[in-house]
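Survey of secondary and tertiary structure
Each chain is listed here by its residues.
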2 protein chains.
Amino acid sequence: MLNYLDPDPLNLVFAALADPTRRTIVERLTRGATSVSELAQPLSMSLPAVVQHLQVLESSGLIRSKKVGRVRTCEIEPTVLKEAERWINERRMIWQSRLDRLETYLAENPDTTK
Amino acid sequence: MLNYLDPDPLNLVFAALADPTRRTIVERLTRGATSVSELAQPLSMSLPAVVQHLQVLESSGLIRSKKVGRVRTCEIEPTVLKEAERWINERRMIWQSRLDRLETYLAENPDTTK
């Protein structure tokens, strides 16, 4: 269950990305703004189910939508995608630099492993 | 609710990262392998609650653990972190290249915006 009052936006972003339909929608939107009915067309589910997924994505900040006349169009919000990427990347870099230091140490002290 | 039989590992990885305590644990483990009791110490929750978070992380493949004597030690599994980063990065790059093409087009066709 998502908590829309969550103080840490990454909670909502990662929860939104944890669903394959929502990742498919994000994937489609990175190729350009798309109407809700176009987004729903290839998905094997009802329009209300698609709208519910879009609401989760919009609450997380990953996408935004606007209605012109009777057509609602969605587009990606790349800054939020960047934030999620940055969090993972920073963690991975810390781990990687630790591993590099360990490898340097073992190369300089070959006797350690004997 | 996590489904541990989920065929797409990214579902479990992003769901695991959607919780601030689990992100704190991942953050700690990128700095080196740590025992469960050391991981639990700075967290304001019971040991069983921490163990439950560790089980979610381990099921997602983000961490692995081993027990030596009475001490269970956890460490990061960087390949899974890399997969999640790659998914986001690829989406962001597709979006970015689309934006770059649009900017080039507008620069070459300045009358379009008038």
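The structure contained in this document is the topic of the report that follows. In this text, all values refer to a predicted model and were calculated from it rather than measured experimentally.

1. A look at the overall build of chain A
A tally of helices and strands in chain A yields 5 helices and 3 strands. Put simply, chain A runs from its N terminus to its C terminus through helices and strands in the order α-α-β-α-α-β-β-α. Each principal axis of the C-alpha atoms in chain A carries an extent, and together these give about 70 × 30 × 25 Å. Across the 114 residues that make up chain A, the buried fraction comes to 39%.

2. Let's talk about the relation of the copies chain B and chain A
With an RMSD of 0.0 Å, the fit of chain B onto chain A corresponds to turning through 180° and sliding 0.0 Å along the axis. The relationship between the two copies is best expressed as a two-fold rotation axis. Same-surface contact between copies: 100% of interface residues of chain B are shared with the interface of chain A.

3. Quick notes on the interface of chain B and chain A
Counting residues at the interface gives 31 residues for chain B, matched by 31 residues for chain A. Taking both partners together, chain B and chain A bury about 2,900 Å²; carbon and sulfur atoms supply 66% of that area. Of all residues in chain B, Arg 23, Glu 85 and Trp 95 of chain B bury the most surface against chain A, accounting for 20% of the area lost on that side. At the boundary of chain B with chain A, the tally comes to 6 salt bridges. The closest approach of N and O atoms between Glu 27 of chain A and Arg 91 of chain B, which form a salt bridge, is 3.7 Å. Taken together, chain B and chain A are joined by 10 residue pairs in polar contact (both at pLDDT 80 or more).

4. Focus on the pairing of strand β2 (residues 63–68) of chain A
Residue and element names in this part refer to chain A. In terms of strand pairing, β2 meets strand β3 (residues 71–76) through 6 bridges, oriented antiparallel. Residue Arg 64 lies in a different strand from β3, and its bridge partner there is Glu 75. Adjacent in sequence and paired antiparallel, β2 and β3 are bridged by 2 residues, among which Gly 69 carries a positive phi angle near 65°.

5. Examining the side chain of Ser 65 of chain A
All names here are of chain A. Its place among the elements puts Ser 65 in strand β2. Reaching out from Ser 65, the side chain makes a polar contact with the side chain of Glu 58 at a distance of 3.1 Å. When neighbours within four sequence positions are excluded, Ser 65 is seen to be in contact with Glu 58, Arg 72, Thr 73 and Cys 74.

Analysis parameters
Residues numbered from 1 in each chain as written. Chains lettered and ligands numbered in written order. Predicted model: local features only at pLDDT ≥ 70, side-chain atom pairs only at ≥ 80, totals over all residues. Heavy atoms only, no water. Helix = DSSP H or I, 4+ residues; strand = E, 2+ residues; numbered from the N terminus. Buried < 20%, exposed > 50% of the residue type's maximum accessible area, 1.4 Å probe, protein only. Least-squares fit on C-alpha atoms with pLDDT ≥ 70 in both. Contact = heavy atoms within 4.5 Å. Buried area = accessible area lost by both parts, 1.4 Å probe. Salt bridge = Lys/Arg side-chain N within 4 Å of Asp/Glu carboxyl O. Polar contact = N/O pair within 3.5 Å; in protein donor to acceptor, adjacent residues only side chain to side chain. Pairing = 2+ DSSP bridges.

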